[in-house]
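Results of the structural survey
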Amino acid sequence: MKCDLCGNKAVTFIKYNGSHLCADHFMKNVEKRVKREIRRQVTITEPTVIGVAVSGGKDSMVTLHIMNETFKKRKDVEIHCITVDEGIDGYRPPSVERARKYCEEHDIPMHIRSFKETVDLTMDEVAPLSGENSPCTYCGVFRRKCMNDVATEIGAKYLATGHNLDDMAQSIMMNFTRGDIERLARLGPHKKIQPGLVPRILPLRTIPEKESLLYAIVSGLPYYDGECPYWAEALRNQYRDIVDMLESRSPGSKFSILSSYDQMYPMLTEHYKPATLNKCECGEPTLGKRCKSCQLSQHIHSVMKERTE
């Protein structure tokens, strides 16, 4: 199998467009699409700090690498790595080390924020007490708070995350199925700035997960491929299977789902205006009086207290 562009040995066959690409042309193809998304989502008119949420996994490491390569020669842009330590023994420590090593080698400031210092809990403490909610419910809420807190502290104008095309298609399908159209209107990338919230950008939103993985491999990026011990309980897994089945039967389905959403997005945002936010006692913006993070952490602390009495 040879590359369609140069005749060298191909490393992949991209089913949805029928192309064979060698390692070099494959990486250039991915980088071109990611940089196109960065141009669409980022506006630089003054000295700017961009935070990149990095777990150490393939998607976040690819995001950090391409963001750094894109802006490293610009004196008006600083790229900072933001890593959240959820407190999962045997899983998070090795991934943090992958991110730390890359940041040290490329002179990227790294900021680590743990659940323990933010909500005085670890995921290993939360998971057995999560009850009707899956551990992922708590993890997602606490992680978003940690990332927003650090991004705010460093003065970041944007917070880039490693969500890929698969993640986007799954999120769109989940919200359609649940009838949560208002949440669809709030999916990133965020174009309107809400007070207290650092807007998210999604450089990998058009990159399938398999291509993100292949890019990390052929480019030699360090990344951690371990599985979170709590992932099996996530509702998202069901939608992952559905979307993957659609893609297998009709290559390009993930792109079609995202494209349909993008075409509807202007109508969604016109109908669902940004809500007026209050400030929780912890400082986090919230629709009600208390943010979701404070509500969930209080619940777990109450359960822990009951079990020790």
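Above: the structure in question.
Here we summarise the structure given alongside this text. (Residues numbered from 1 in each chain as written. Predicted model: local features only at pLDDT ≥ 70, side-chain atom pairs only at ≥ 80, totals over all residues. Heavy atoms only, no water.)

1. Description of the sheet that holds strand 7 (residues 200-201)
- Taken together, 5 strands build an open sheet; the order of strands is 5-4-3-6-7 and the sheet is parallel. Both edges of this open sheet fall to strand 5 (110-114) and strand 7, since each of them pairs with a single strand only.
- Packing against the sheet, helix 3 (residues 92-105) makes contact with strand 4 (77-85) and strand 5, and its axis sits at approximately 160° to strand 5. (Pairing = 2+ DSSP bridges. Helix = DSSP H or I, 4+ residues; strand = E, 2+ residues; numbered from the N terminus. Contact = heavy atoms within 4.5 Å. Axes fitted to C-alpha atoms, helices over the stretch in contact; angles between N-to-C directions.)

2. Examining the packing of aromatic side chains
- For the structure shown, the criterion picks out 5 aromatic pairs.
- Where F115 meets F142, the ring centres are 5.6 Å apart and the plane angle is 85°; that geometry is what we call edge-to-face. Of this pair, F115 sits in helix 4 (residues 115-119) while F142 sits in helix 6 (residues 135-153); the two residues are 27 residues apart in sequence, bridging distant segments of the chain.
- Among the residues examined, F115 registers a relative accessible area of 1% and is labelled buried.
- Take F142: its relative accessible area is 1%, and that puts it in the buried class.
- Here the aromatic cluster, defined as three or more aromatic residues joined through ring pairs, consists of F115, Y138 and F142. (Phe/Tyr/Trp six-rings, centres within 6.5 Å; stacked < 30°, edge-to-face > 60°. Buried < 20%, exposed > 50% of the residue type's maximum accessible area, 1.4 Å probe, protein only.)

3. A few points about the pairing of strand 5
- Alignment of strand 4 against strand 5, held across 5 bridges, turns out to be parallel. Residue pairing for strand 5: C81 is matched across the bridge by M110.
- You can see the chain leave strand 4, run along helix 3 and come back into strand 5, and the turn it takes is right-handed. (Right-handed = clockwise from strand over helix to strand, strands pointing away.)

Just geometry here; none of it tells us what the structure is for.
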